[in-house]
Amino acid sequence: MDPDELEFLGEKSKIMIIPTFNKENIHLISGDLGPFRASLPSQVPLWVATLLKKQKRCKIIPPDWMNVEYLEALKEQEKQTSGFTRMPSDHYMVEAKLLLDCAPDDIPNADEVKVIIKDIWDMRMSKIRSSVTKLVKNSDFYAAVDNLTIMEINSVRPILPHALDNLFRMKHIEQPKPSQNSNVSSFLMSKRASTSFQLSNNEDY
Amino acid sequence: MDLDDTNLEDLNDSNDSEDYVHITPAEVLELMEETWVNEKFAPEILPNKTEVVDIILEQIKSMEVNIKNLSNDDFTKNIYQLEVDKLRFMVTSYLRTRLEKIESYVVHILKEEEKRVEKGESKYLSEQEYKFAQDYSRSMDRYFNKIMNFCPNLTSDTWSSKVIEPNNNSFVFMKSKKTIEGLPIDITNADSDLVDIKSGSRVIICYSSIEELVKNGDVNLI
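Calculation notes
Residues numbered from 1 in each chain as written. Chains lettered and ligands numbered in written order. Predicted model: local features only at pLDDT ≥ 70, side-chain atom pairs only at ≥ 80, totals over all residues. Heavy atoms only, no water. UniProt positions renumbered as here; feature names shortened; annotations may be inferred. Phe/Tyr/Trp six-rings, centres within 6.5 Å; stacked < 30°, edge-to-face > 60°. Helix = DSSP H or I, 4+ residues; strand = E, 2+ residues; numbered from the N terminus. Buried < 20%, exposed > 50% of the residue type's maximum accessible area, 1.4 Å probe, protein only. Pairing = 2+ DSSP bridges. Contact = heavy atoms within 4.5 Å. Axes fitted to C-alpha atoms, helices over the stretch in contact; angles between N-to-C directions. Salt bridge = Lys/Arg side-chain N within 4 Å of Asp/Glu carboxyl O. Buried area = accessible area lost by both parts, 1.4 Å probe. Polar contact = N/O pair within 3.5 Å; in protein donor to acceptor, adjacent residues only side chain to side chain. Parallel < 35°, antiparallel > 145°, perpendicular 65-115°, else oblique. Left-handed = near helix turned anticlockwise from the far one by under 90°. Nonpolar A, V, L, I, M, F, W, Y, C, P; charged D, E, K, R; others polar. Expected span 1.5 Å × (residues − 1). Arc of directions from axis to C-beta.

Going by the annotation in an unreviewed UniProt entry, the name recorded for chain B is DNA replication complex GINS protein SLD5, with Phyllotreta striolata given as the source organism. Taken verbatim from the UniProt record of chain B, the Subcellular location (unreviewed entry) comment is "Nucleus".

Per an unreviewed UniProt entry, chain A goes by DNA replication complex GINS protein PSF2 and derives from Phyllotreta striolata. A UniProt comment under Subunit (unreviewed entry) is attached to chain A, and it reads "Component of the GINS complex." According to the UniProt record, the Sequence similarities (unreviewed entry) comment for chain A is "Belongs to the GINS2/PSF2 family."

Take a look at the structure:
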């Protein structure tokens with residue numbers, strides 16, 4: 001999946017804004033927003049918040065976790081444990097990127113926040129890489145990825161699933177199978193990673 | 001914005017077995033998003049969700065009429081427009097993913113559909129998709145018949161005897177909506193290890209093990 005599409009999925013999480021305008025309800029298909037009263041906090045989806053912010057019609061209240069103390073603690077915890085820490089939000093990278101891009105003035109110590117989030121990300125990515133190596137080496141065909149966020153899962157795609165596909169296939173080739181499928185070969189079309197060459201037993205192509 | 005009640009009722013009727021009592025547009029969106037992501041990651045084509053797509057398209061249409069009636073001075077027009085654009089993106093991406101799969105696996109899909117009809121099950125493709133698949137396979141036939149004239153050793157059915165199939169044993173990430181017990185890791189192997197998956201947990205697993213669970217909505221691909 002493209003990072004753009006992940007952003008699309010992450011954009012609907014809710015965030016508090018302080019509008020600088022008065023407006024009755026906005027009736028979106030995904031639900032009603034508002035009513036908006038200038039300087040009274042109101043909850044909107046992230047994509048509405050970024051749009052309004054770009055038009056300079058609101059101030060954004062950063063999510064609870066987007067502050068230096070919380071993130072420092074999180075970073076420390078990530079460093080201490082060998083597993084993955086639960087992240088405050090499933091789309092923390094998307095949220096951080098969007099908010100830090102469009103509203104650095106609303107987030108206290110935005111630069112520092114950015115650095116810590118990047119540090120956490122890097123730490124988690126290196127853990128992911130080593131667990132992927134372990135998984136492939138053991139050729140396990142099952143792994144729990146409970147505390148990984150969608151963006152992190154996406155970062156090992158398509159290489160990890162594809163590697164496992166191939167391992168799985170090799171394992172099944174080892175055990176001789178009844179030859180019912182032997183004259184059927186299936187080819188990988190296009191860039192879709194989930195499909196691939198299925199080796200057939202008779203090499204007639 | 002008025003909800004399109006008639007359409008929502010249609011959905012309820014067509015899904016009697018699934019106890020849809022009442023469904024709001026927001027819930028339909030949620031459903032559409034799940035359907036989209038599932039379709040994106042599943043190796044094979046999934047049963048169609050025409051009801052959901054139709055409701056969304058209906059909503060987009062009525063929203064567009066409303067947007068036209070808004071004055072250009074109203075800054076909320078942008079917000080409405082953006083939401084419509086987002087929805088349209090999701091629906092087109094979903095439909096395109098399905099068309100891509102149909103183009104890749106046309107022979108296999110049509111065969112499976114035939115089997116389903118014989119067994120009296122409902123088709124996976126929607127009406128229009130089915131028509132597209134048939135047209136596509138016919139043009140492929142015509143094309144290969146023509147091109148095979150240049151290769152005297154090959155007959156025109158050479159290509160159709162090599163059926164391209166999706167690899168259902170490919171690996172996918174999934175998130176479970178309920179607790180699942182005793183799921184075999186390798187469904188092709190009778191004495192494979194079993195795992196229990198807690199509700200809400202995420203795993204990477206072979207698609208063939210969870211194929212049914214994806215189709216009945218107990219797990220989502222991510």
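Now that the structure has been shown, we can carry on.
## Quick notes on the packing of aromatic side chains
As enumerated under the stated definition, the model contains 10 aromatic pairs over all chains in all. For the ring pair A:Phe21 and B:Phe75, a centre distance of 4.8 Å and an interplane angle of 75° mean the geometry is edge-to-face. Of this pair, A:Phe21 sits in the loop between β1 (14-19) and β2 (26-28) while B:Phe75 sits in the loop between α3 (50-69) and α4 (76-104), which puts the two residues in different chains. Exposure class is identical for A:Phe21 and B:Phe75. Each is buried. Aromatic side chains B:Phe132 and B:Tyr136 sit 5.9 Å apart centroid to centroid with 25° between the ring planes, which places their arrangement in the stacked category. Placement of the pair is B:Phe132 and B:Tyr136 together in helix α6 (residues 127-148), with a separation of 4 residues, close to one helical turn. Given the relative accessible area of 22%, B:Tyr136 is considered partly exposed.

## Focus on the sheet that holds strand β1 (residues 171-176) of chain B
Pairing is antiparallel across the open sheet formed by 4 strands, whose spatial order is β6(A)-β4(B)-β1(B)-β5(B). Each having just a single partner strand, β6 (143-144) of chain A together with β5 (219-221) of chain B make up the two edges of the open sheet. Both β6(A) and strand β4 (residues 202-206) of chain B contribute to a ladder of 2 bridges, which runs antiparallel. Paired with A:Ala144 across the two strands is B:Val203, which belongs to β4(B). Sheet strands in contact with helix α2 (residues 25-41) of chain B are β1 and β5 of chain B, and its direction is about 65° off that of β5(B).

## Some details on the pattern of salt bridges
Pairing between side chains of opposite charge can happen when the charged atoms of each approach one another. Here the structure, examined in full by the defined rule, presents 31 salt bridges over all chains. A salt bridge links B:Glu112 to B:Lys115; the shortest N-O distance between them is 3.1 Å. You can see B:Glu112 and its partner B:Lys115 sitting in helix α5 (residues 106-118), 3 residues apart, about one turn around the helix. Linking B:Glu121 and B:Lys119 is a salt bridge whose minimum nitrogen-to-oxygen distance equals 4.0 Å. Look at B:Glu121 and you get partly exposed, because its relative accessible area is 42%. Look at B:Lys119 and you get exposed, because its relative accessible area is 62%. Three or more residues are tied together by salt bridges with common partners; here these are A:Lys53, A:Lys59, A:Asp105 and A:Asp106.

## Points about the sheet that holds strand β5 (residues 58-61) of chain A
Residue and element names in this part refer to chain A. Read from one edge of the open sheet, 3 strands run β4-β1-β5, paired in antiparallel fashion. Of all the strands in the sheet, just β4 (42-45) and β5 have a single pairing partner and so form its edges. Strand-to-strand, the axes of this sheet are offset by a mean angle of 45°, without reference to chain direction. Pairing geometry for β1 and β5, over 4 bridges, is antiparallel. The residue bridging Met-16 from the neighbouring strand is Ile-61, located in β5. Most of the contacts of helix α2 (residues 46-54) go to β4, to which it runs at about 105°, and overall it touches β1, β4 and β5.

## Here's the deal with the interface of chain A and chain B
Many structure descriptions define interface size as the accessible area lost when the parts assemble. The interface is formed by 54 residues belonging to chain A together with 55 residues belonging to chain B. Between chain A and chain B, roughly 5100 Å² of surface is buried when both sides are summed, and carbon and sulfur atoms account for 64% of that area. Taken together, chain A and chain B are joined by 7 salt bridges. A salt bridge links B:Glu30 to A:Lys12; its shortest N-O distance comes to 3.5 Å. At the junction of chain A and chain B, the tally comes to 15 residue pairs in polar contact (both at pLDDT 80 or more). Going through the elements one at a time, α1 (3-10), β2, α2, β6, α6 (150-155) and α7 (159-174) of chain A are the ones with two or more residues in the side of chain A that touches chain B.

## Considerations on the packing of α3(B) against α4(B)
All names here are of chain B. Orientation of α3 relative to α4, taken along the N-to-C sense of each, is 155°, at an axis distance of 10 Å. As far as their axial angle goes, α4 and α3 are roughly antiparallel. The crossing of α3 and α4 is left-handed. Between α3 and α4, the contacting residues are Val-53, Ile-56, Leu-57, Ile-60, Met-63, Glu-64 and Ile-67 on the first element and Lys-77, Tyr-80, Gln-81, Glu-83, Val-84, Leu-87, Arg-88, Val-91 and Tyr-94 on the second. Taken together, the residues that form the contact of α3 with α4 break down as 11 nonpolar, 1 polar and 4 charged.

## Some thoughts on α3(B)
Residue and element names in this part refer to chain B. Helix length check: α3, at 20 residues, gives a terminal C-alpha distance of 29 Å against a target of 28 Å (1.5 Å per residue), a fit within 8%. The complete set of buried residues in α3 reads Val-52, Val-53, Ile-55, Ile-56, Gln-59, Ile-60, Met-63 and Ile-67. One side of α3 carries all its buried residues, which in axial view fall inside an arc of 160°. For α3, the exposed residues lying more than 90 degrees away from the buried face are Lys-61, Lys-68 and Asn-69.

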